[in-house]
Amino acid sequence: MPSYSKETPESVIASLKSGMLNKVRGESLYDIERILEKLDEFCEDNPLATAAIDFALHDLIGKCLNIPCYKLMGGLVRNRLELSWAIGIKEKEEIVEEAKKYVGLGYRTIKLKIGLNPGQDIENVRAVREALGKDVRMRVDANQGYSLAEALQVLPLLEKFDLEMIEQPIAAQDLEGMAELCAKLKTPILADESLRTLSDAMALIKNKACDIFNIKVMRVGGLRRSKKIAAVAEAASIPCEVGSMVEMGPGTAAGLHFALSTAAVKYACEMIGHEMIDGDIIEEEEWIASCRNGFLGVPNKPGLGFTIKEEFQYID
């Protein structure tokens, strides 16, 4: 998704092969903090490639100690993780049918994408709320789609449909505008694209520019950095959710271990990317498939709890 990240699958592989992996060789796999510092010195803006190394280190440590990764990160806070289902922008009838389908499967939180057409956004949210009734939680996500003026006009109208939260309504860098929305709306504002680094977390808190953090473990550079951001959020009394970057099994597993072991995660999470992709690269698809009833359980195998299929284990 070039509009979302500078990194591509090709650039991640190139970054790993061109020097990042050489910075790891010879280090103790337990020295994650030292390794991440070395990677930052080598190349500062490769969070997805850095996350790949971070995930691998956590997975290896867990396998060496014969324990699941969540035990490395504080142990279980919860015994299963509730999920949110996200629905893209499409025809209203399709949105309603998809929402009803996933509520029928067990999901109690539905997220609707908005931000392209304010009038249609209102109609779509209205239709889904009428179809689902009051007992299902609903969120909306504009992906920075509104201007501040549009957001100030449209979001108060959307609030009438009892929204759980409003995700990234305006441009990520407009913290002043985000703060204005937080002050004027009753519905909590969730920061997504605005949150990429620990420094971003501090800026959001300082500017009172959001009410909730969306921590994406790949986007911020892995599990170690996700834990740091969650600690800052907890200190500022900001609850978190864990979002999706349409990742496959390994990314889903990492996000799951993080969410299960992090007290600051208070909302249903969105680790459903593997459900949007045909096929996966891991052997243990059965526990990933368990999300189809609206929850993910605890993966109790050592490490992150998966094995890469043989045909995907090596990069030429």
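**Some points on the overall build of the protein**
When you go through the protein residue by residue, the secondary structure sums to 12 helices and 9 strands. Counting only C-alpha atoms and orienting by the principal axes, one finds that the protein spans roughly 55 × 40 × 35 Å. Within the protein, buried positions represent 53% of all 316 residues. Intrachain contacts of the protein at a sequence separation of at least 6 include 75% that bridge at least 24 residues. Summed over all atoms, the accessible surface of the protein reaches about 14,600 Å², with 51% contributed by carbon and sulfur.

**A closer look at helix α8 (residues 175-184)**
Residues of α8 that are buried include every one of Leu 175, Gly 177, Met 178, Ala 179, Leu 181 and Cys 182, and no others. For α8, the elements touching its buried residues are α7 (148-158), β6 (189-191) and α9 (198-206).

**Considerations on the sheet that holds β6**
Think of a sheet as strands paired side by side through backbone hydrogen bonds, with each pair either parallel or antiparallel. Read across the sheet, 7 strands follow the order β2-β3-β4-β5-β6-β7-β8 without closing on themselves; strand pairing throughout is parallel. Bordering the open sheet on either side are β2 (85-87) and β8 (240-242), each of which pairs with just one other strand. The sheet shows a mean angle of 25° between the axes of neighbouring strands, taken without regard to direction. In this structure, strand β7 (residues 212-215) lies alongside β8, joined through 3 bridges in parallel fashion. Within the sheet, the bridge partner assigned to Ile 215 lies in β8 and is Val 242.

**Concerning the packing of aromatic side chains**
One pass over the full model with this rule turns up 3 aromatic pairs. Ring centres of Trp 85 and Tyr 102 lie 3.8 Å apart, and the angle between their planes is 10°; this geometry places the pair in the stacked category. Here Trp 85, found in strand β2, pairs with Tyr 102, found in helix α5 (residues 92-105); they are 17 residues apart in sequence, far enough to count as distant. Of the two residues examined, Trp 85 and Tyr 102, each falls in the buried class. With a centroid separation of 5.7 Å and an interplanar angle of 70°, the aromatic rings of Trp 85 and Tyr 107 are classed as edge-to-face. Taken as a pair, Trp 85 in strand β2 and Tyr 107 in the loop between α5 and β3 (109-113) lie far apart in primary sequence, 22 residues in all. A single burial state applies to Trp 85 and to Tyr 107, both of which are buried. In this structure an aromatic cluster arises from ring pairing among Trp 85, Tyr 102 and Tyr 107.

**A short note on the packing of α5 against helix α6 (residues 118-132)**
Orientation of α5 relative to α6, taken along the N-to-C sense of each, is 35°, at an axis distance of 9 Å. Taken as a pair, α5 and α6 cross one another with a handedness that is right-handed. Of the residues in α6, those in contact with Lys 92, Ile 95, Val 96, Ala 99, Lys 100 and Val 103 of α5 are Gln 120, Glu 123, Asn 124, Ala 127, Val 128, Ala 131 and Leu 132. Partitioned by chemical class, the residues of the contact of α5 with α6 number 8 nonpolar, 2 polar and 3 charged.

**Structural notes on the pairing of strand β4 (residues 137-141)**
The element β4 is largely enclosed, with a buried count of 4 among its 5 residues. Where β3 lies against β4, 5 bridges are found, and the strand directions are parallel. For Ile 110, the partnering residue across the bridge sits in β4 and is Met 138. The parallel pair β3 and β4, bridged by α6, forms a crossover whose chirality is right-handed. One ladder, built from 4 bridges, connects β4 with strand β5 (residues 163-167); its direction is parallel. Counted as the bridge partner of Met 138 is Leu 163 from β5. Tracing the backbone out of β4, into α7 and back to the parallel element β5 gives a crossover that is right-handed.

**Here's the deal with the nonpolar core**
Core analysis: the biggest nonpolar cluster contains 92 residues, and Ile 110, Leu 112, Val 125, Tyr 146, Leu 158 and Phe 213 have the highest contact counts within it. If you tally residues by element for this core, the top one is helix α3 (residues 47-65), at 7 residues. Not counting residues within four places of it along the chain, the set of residues in contact with Val 125 comprises Leu 112, Ile 114, Met 138, Val 140, Leu 158, Phe 161 and Leu 163.

**Describing the packing of helix α2 (residues 32-42) against helix α10 (residues 223-235)**
Close contact between α2 and α10 brings their axes to 10 Å; oriented N to C, the two are set at 100°. One finds that α2 runs roughly perpendicular with respect to α10. Within the contact between the two elements, α2 uses Ile 32, Glu 33, Leu 36 and Asp 40 and α10 uses Arg 224, Arg 225 and Lys 228.

Here is what the cut-offs are and how they apply
Residues numbered from 1 in each chain as written. Predicted model: local features only at pLDDT ≥ 70, side-chain atom pairs only at ≥ 80, totals over all residues. Heavy atoms only, no water. Helix = DSSP H or I, 4+ residues; strand = E, 2+ residues; numbered from the N terminus. Buried < 20%, exposed > 50% of the residue type's maximum accessible area, 1.4 Å probe, protein only. Contact = heavy atoms within 4.5 Å. Areas by Shrake-Rupley, 256 points an atom, 1.4 Å probe, with all protein chains shown as cover. Pairing = 2+ DSSP bridges. Axes fitted to C-alpha atoms, helices over the stretch in contact; angles between N-to-C directions. Phe/Tyr/Trp six-rings, centres within 6.5 Å; stacked < 30°, edge-to-face > 60°. Left-handed = near helix turned anticlockwise from the far one by under 90°. Nonpolar A, V, L, I, M, F, W, Y, C, P; charged D, E, K, R; others polar. Right-handed = clockwise from strand over helix to strand, strands pointing away. Core = buried A, V, L, I, M, F, W, Y, C linked by side-chain atoms within 4.5 Å. Parallel < 35°, antiparallel > 145°, perpendicular 65-115°, else oblique.

These figures come from the coordinates and say nothing about function on their own.
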